[in-house]
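Read off the chains here:
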Amino acid sequence: MTLVSSAMSLKTKLNKNAFAEWIATASYVGRIPWMPGTFGSVVGLAFSWGSLWLHWHWQLILFFAVALVAIWASHVYEATLQNHDASQIVIDEVAGMMLTMLGLIPAWPLLLAGFILFRVLDILKPFPISWLDRRVP
């Protein structure tokens, strides 16, 4: 009986870790070996484009839902990798793009400008972003 429950527990843990990896890597986009953050931002841009048709209240609720799931998935996947802030974790880029695009009208010039601004700030990490990045796990 113990062997069966141990096997069930292991299967549950593996499923949880696989699901967390799928979320944390934004459907494995984070596994792309070059510029995973940029590709994660593209996923965030596509997700934002779909949510821009919603009222901004719903966009905000969706952002917080994605952010909460992102925190959980990143935590589980980081523990699996034993690497804090691994480059393949790009769900934070998805959430960041959603926050950047919150309340915008769905026009490509605005979305492109938001994408470029987000990537520049994400790469350069000016204050207070750099301060938060060092202090918030």
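Refer to the preceding data block for the structure.
Our subject in this report is the structure included herewith.

Description of the pattern of salt bridges
Then, in step 1: This structure, assessed with the given rule, holds three salt bridges.
Then, in step 2: A salt bridge links R31 to E21, with the shortest nitrogen-to-oxygen separation between them at 2.2 Å. Here the residue R31 occupies a position in the loop between α1 (2-24) and α2 (36-51), and E21 occupies one in helix α1, the gap between them amounting to 10 residues.
Then, in step 3: Judged by relative accessible area, which is 14%, E21 ranks as buried.

Observations regarding the environment of A107
Then, in step 1: One can find A107 in the loop between α4 (91-101) and α5 (108-124).
Then, in step 2: By relative accessible area, which is 23% here, A107 ends up partly exposed.
Then, in step 3: A sequence separation of 55 residues divides A107 from L52, and the C-alpha atoms of the two residues are 9.6 Å apart.

A short note on helix α3 (residues 56-81)
Then, in step 1: With 26 residues, α3 should cover 38 Å at 1.5 Å per step; its first-to-last C-alpha distance of 36 Å lies within 8% of that length.
Then, in step 2: For α3, the set of buried residues is Q59, F63, V66, A67, A70, A73, S74, V76 and Y77.
Then, in step 3: Residue Q82 follows α3 closely and has a positive phi angle near 55°.

Some points on the packing of aromatic side chains
Then, in step 1: One pass over the structure, following the stated rule, counts six aromatic pairs.
Then, in step 2: Cluster of aromatic residues (ring-pair linked, three or more members): F19, W22 and W72.

Things to note about the packing of α3 against α4
Then, in step 1: One can describe the packing of α3 onto α4 by two numbers: an axis separation of 9 Å at closest approach and a directional angle of 165°. It follows from the interaxial angle that α3 and α4 lie roughly antiparallel. When you trace α3 past α4, the crossing you get is left-handed. On α4, the residues that touch Q59, L62, F63, V66, A70 and S74 of α3 are I91, A95, M98, L99 and M101.
Then, in step 2: Looking at the contact of α3 with α4 residue by residue, the class counts come to nine nonpolar, two polar and no charged.

About the criteria used
Residues numbered from 1 in each chain as written. Predicted model: local features only at pLDDT ≥ 70, side-chain atom pairs only at ≥ 80, totals over all residues. Heavy atoms only, no water. Salt bridge = Lys/Arg side-chain N within 4 Å of Asp/Glu carboxyl O. Helix = DSSP H or I, 4+ residues; strand = E, 2+ residues; numbered from the N terminus. Buried < 20%, exposed > 50% of the residue type's maximum accessible area, 1.4 Å probe, protein only. Expected span 1.5 Å × (residues − 1). Phe/Tyr/Trp six-rings, centres within 6.5 Å; stacked < 30°, edge-to-face > 60°. Axes fitted to C-alpha atoms, helices over the stretch in contact; angles between N-to-C directions. Parallel < 35°, antiparallel > 145°, perpendicular 65-115°, else oblique. Left-handed = near helix turned anticlockwise from the far one by under 90°. Contact = heavy atoms within 4.5 Å. Nonpolar A, V, L, I, M, F, W, Y, C, P; charged D, E, K, R; others polar.

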